[in-house]
Amino acid sequence: MTDEATARSGEFVQSLERGLAVIRAFDAEHPQLTLSEVARATGLTRAAARRFLLTLVDLGYVRTDGRLFSLRPRILDLGYAYLSSLSLPEVARPHMEALVAQVHESCSVSVLDGDEVVYVARVPTKRIMTVGISVGTRFPAYATSMGRVLLAAQPAGWLDDYLATAQFRPLTRRTVTDPARLRATLTKIASQGYALVDQELEEGLRSLAAPIHGDNGSVVAAVNVSAHASRGSFEMIRKELLPPLLATAKRIEEDLGAGPGR
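Residues numbered from 1 in each chain as written. Predicted model: local features only at pLDDT ≥ 70, side-chain atom pairs only at ≥ 80, totals over all residues. Heavy atoms only, no water.

1. Some points on the pattern of salt bridges
Under the criterion given, the structure shown has eleven salt bridges. With a shortest N-O distance of 2.7 Å, Arg-138 and Asp-113 are connected by a salt bridge. Of this pair, Arg-138 sits in strand S6 (residues 138–140) while Asp-113 is found in strand S4 (residues 106–113), placing the two residues 25 residues apart along the sequence. Judged by its relative accessible area of 40%, Arg-138 falls in the partly exposed class. Arg-174 serves as the salt-bridge partner of Glu-203, at 3.7 Å between the closest nitrogen and oxygen. Taken together, the residues Glu-203 in the loop between strand S7 (195–198) and strand S8 (205–213) and Arg-174 in the loop between helix H8 (156–165) and helix H9 (179–192) connect sequence positions 29 residues apart. A residue is classified by how much of its surface remains accessible, and Glu-203, at 36% relative accessible area, is partly exposed. A single network of salt bridges, built from pairs that share partners, joins Arg-173, Arg-174, Asp-198, Glu-203 and Arg-206. (Salt bridge = Lys/Arg side-chain N within 4 Å of Asp/Glu carboxyl O. Helix = DSSP H or I, 4+ residues; strand = E, 2+ residues; numbered from the N terminus. Buried < 20%, exposed > 50% of the residue type's maximum accessible area, 1.4 Å probe, protein only.)

2. Description of the pairing of strand S3 (residues 68–71)
Bridge analysis of strand S1 (residues 32–34) against S3 gives three bridges, and the strand direction is antiparallel. Across the sheet, Thr-34 pairs through a bridge with Leu-68, a residue of S3. (Pairing = 2+ DSSP bridges.)

Don't take any of this as a statement about function, it's just geometry.
Put into structure tokens, the structure is as follows:
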């Protein structure tokens, strides 16, 4: 429970929290789960998990063959309400496509959600990662270029709490997991206006990200390009990809500022 929810415990609906936990139990590695597996993943009793699952089945969000449960496409409605209200993906996409055509590398836009980045737009060029990326994909912010751009823009108090409480796992042998070193890196990113991550999320992958500012000057999202390390040296990738990336971020910002209600 969040601090705010704790302070307003009389307004906190625990059954809703548990229902959402049941939905989140399903992911790419666990597309089908038994009742016992859902109960174990959520910490619910079998009886409670069964009630939530059957309710979701009745609502059309989950299907079952009597033993295994899995999400149905209707579950996308829950996320689409957010994506459809967000002008950013639609505004950013043509600029992302132009950037991909220019540099021949994949481009993504993400926002920060807690301690993770969530992809809200993506234009691929070729598969350079062993894990698939699509809209809705999440990665730990500390190990990604877009995550670091977004973390670097957070208020000092928020960042202090994050660095003190987040779990920094080594995703590769290069991943920065020391909070003090990560803080220094974020300070540099805030100053220079971009982040370059060298094979910290996945071996062989380098990623360069820039912030996207809203009309009030705050960072609302990040845009990146990802390249295989074989493209060239760390410095060569920065030299080739940074100028067009920064230009793309600026064009997205200009269009966001010119949009309705902005």
